[in-house]
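Structural features, examined
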Amino acid sequence: MTTLAVDLRGRDLLRIADLSATEAEAILDRAVELRAEPKQPLLAGHTLGLYFAKHSTRTRVSFSAGMAQLGGVAIPLTPEELQLSRGESLPDTARALSGYLDALAVRTHAHEELEAWAEWASIPVINALTALEHPCQALADALTIRDRIGSLDGVRVAWVGDGSNVLTSLAELGGILGFEVVAASPAGYESNSLLQATVADPREAVSGADVVVTDTWISMGQEHERARRLSDLAPYRLDDALLALASPDAFVMHCLPAHPGEEITAEVLYGPRSAIWAEAENRLHVQKALLTLLLG
Ligand code: CP
Ligand code: NVA
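Read on for an overview of the structure. As the structure is a computational prediction, the values presented were derived from the model and not from experiment.

What follows is about the overall build of the protein chain. Counting its secondary structure elements, the protein chain contains eleven helices and nine strands. On C-alpha atoms alone, the protein chain measures out to a radius of gyration of 19 Å, which is about the 19 Å that the 2.2 N^0.38 rule sets for 296 residues. In terms of overall dimensions, the protein chain has a C-alpha envelope of 55 × 45 × 30 Å along the principal axes. Among the 296 residues that make up the protein chain, the fraction classed as buried is 56%. In the protein chain, the share of contacts with a sequence separation of at least 24, taken over all contacts with a separation of at least 6, comes to 72%. In the form shown here, the protein chain has an accessible surface area of approximately 11900 Å², with 52% of it arising from carbon and sulfur atoms. Of the side chains in the protein chain, 23 bear a positive and 40 a negative charge, and the two mean positions are spaced by 4 Å.

Here we take up the site of ligand 2. In the neighbourhood of ligand 2, the contacting residues comprise Leu129, Ser164, Asn165, Asp215, Thr216, Ser219, Met220 and Leu256. Here a nitrogen atom of ligand 2 sits 2.7 Å away from a polar atom, N or O, in the side chain of Ser219. Contact between ligand 2 and Met220: an oxygen atom at 2.8 Å from a main-chain N or O atom of the residue. Here ligand 2 has 270 Å² of accessible area as a free molecule, and 94% of this is covered by the chains. Its residues assigned to classes, the shell around ligand 2 shows three nonpolar, four polar and one charged.

Residues Ile27, Phe63, Leu139, Val157, Leu173 and Phe179 are the most contacted members of the largest nonpolar core, which totals 54 residues. Sequence-distant contacts of Ile27, defined by excluding residues within four places in its chain, comprise Leu8, Leu19, Leu139, Val286, Ala289, Leu290 and Leu293. Counting residues in hydrophobic clusters, the runner-up holds 22 residues, among them Val212, Ile264, Val268 and Ala280.

The next subject is the packing of aromatic side chains. For the coordinates displayed, the defined rule picks out two aromatic pairs. Ring geometry for Tyr51 against Trp117: centres 4.8 Å apart, planes inclined by 50°, an arrangement best described as tilted. With Tyr51 in strand S1 (residues 47–52) and Trp117 in helix H4 (residues 111–120), this pair connects stretches of sequence that are 66 residues apart. Taken individually, Tyr51 and Trp117 each receive the classification buried, so the pair is uniform in this respect. Aromatic side chains Tyr270 and Trp277 sit 6.4 Å apart centroid to centroid with 10° between the ring planes, which places their arrangement in the stacked category. Judged by relative accessible area, which is 57%, Tyr270 ranks as exposed.

Criteria and cut-off values
Residues numbered from 1 in each chain as written. Chains lettered and ligands numbered in written order. Predicted model: local features only at pLDDT ≥ 70, side-chain atom pairs only at ≥ 80, totals over all residues. Heavy atoms only, no water. Helix = DSSP H or I, 4+ residues; strand = E, 2+ residues; numbered from the N terminus. Rg over C-alpha atoms; globule rule 2.2 N^0.38 Å. Buried < 20%, exposed > 50% of the residue type's maximum accessible area, 1.4 Å probe, protein only. Contact = heavy atoms within 4.5 Å. Areas by Shrake-Rupley, 256 points an atom, 1.4 Å probe, with all protein chains shown as cover. Lys, Arg positive; Asp, Glu negative; His and termini not counted. Charge placed at Lys NZ, Arg CZ, Asp CG, Glu CD. Near = heavy atom within 4 Å. Polar contact = N/O pair within 3.5 Å; in protein donor to acceptor, adjacent residues only side chain to side chain. Nonpolar A, V, L, I, M, F, W, Y, C, P; charged D, E, K, R; others polar. Core = buried A, V, L, I, M, F, W, Y, C linked by side-chain atoms within 4.5 Å. Phe/Tyr/Trp six-rings, centres within 6.5 Å; stacked < 30°, edge-to-face > 60°.

Printed below as a string of structure tokens:
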């Protein structure tokens, strides 16, 4: 393992803005090394708690598999199983868990709750998705772009559809690593990040883009807004006609889960320009890199 000129030991990753460019690049570089040699006992004897208050396939399994590949253990913690759901406070839970675990990954609704975990836990806390940000996804996305294009510098990323937590983290990471994010979202659906340009017309965002990205129109916690979202976002569906406006070598990313026929057509999702399955696999590699750097 290359010795890196960054020291992330003991840190939290709550938002992309917690990382410098050097630190983000170090995570991507280490991810490439771990991808080449996945089973190394770098975290033997270490424990990662997975506190997930929302559904997950990729994040949960990639953190669990990643810890196993590094010689450590991941411990799933759902709110219903903890005394938390019977009234024990979050600070007391975080204090107690800090005595058993080396790090805690948290997936929850309000970003403020994640911040409370980080405040009361004495171990590194990792954002495994909140309504505000999804930094592990953005790191995997940046790695996927770098894998395909060879560099991130000056790459033009078009985002179409809902300005979700995933867009916020991607735009923030673009600001740090030098790729440009142009988002086409309807009024009222813009992301929380001010770092991306927002345009109304998806064709304007996609024209000449190197990468085209979208996300579900109905994020977890927004199920009650389903009808309005399907209607407002319908002009932003990523289909072959829209993709044809991108650069000839452009490829498509989506954090998954996808909803074919809603935000993306099946032709694009499963088509030759989809990098979506490599993107999903890269979650494993960047999270393993992050864990080795936080716990190193
Ligand atoms: N992309 C992502 O975070 O997927 P999961 O919700 O399945 O973890
Ligand atoms: N924006 C989506 C991403 C899921 C990985 C959500 O928050 O539900």
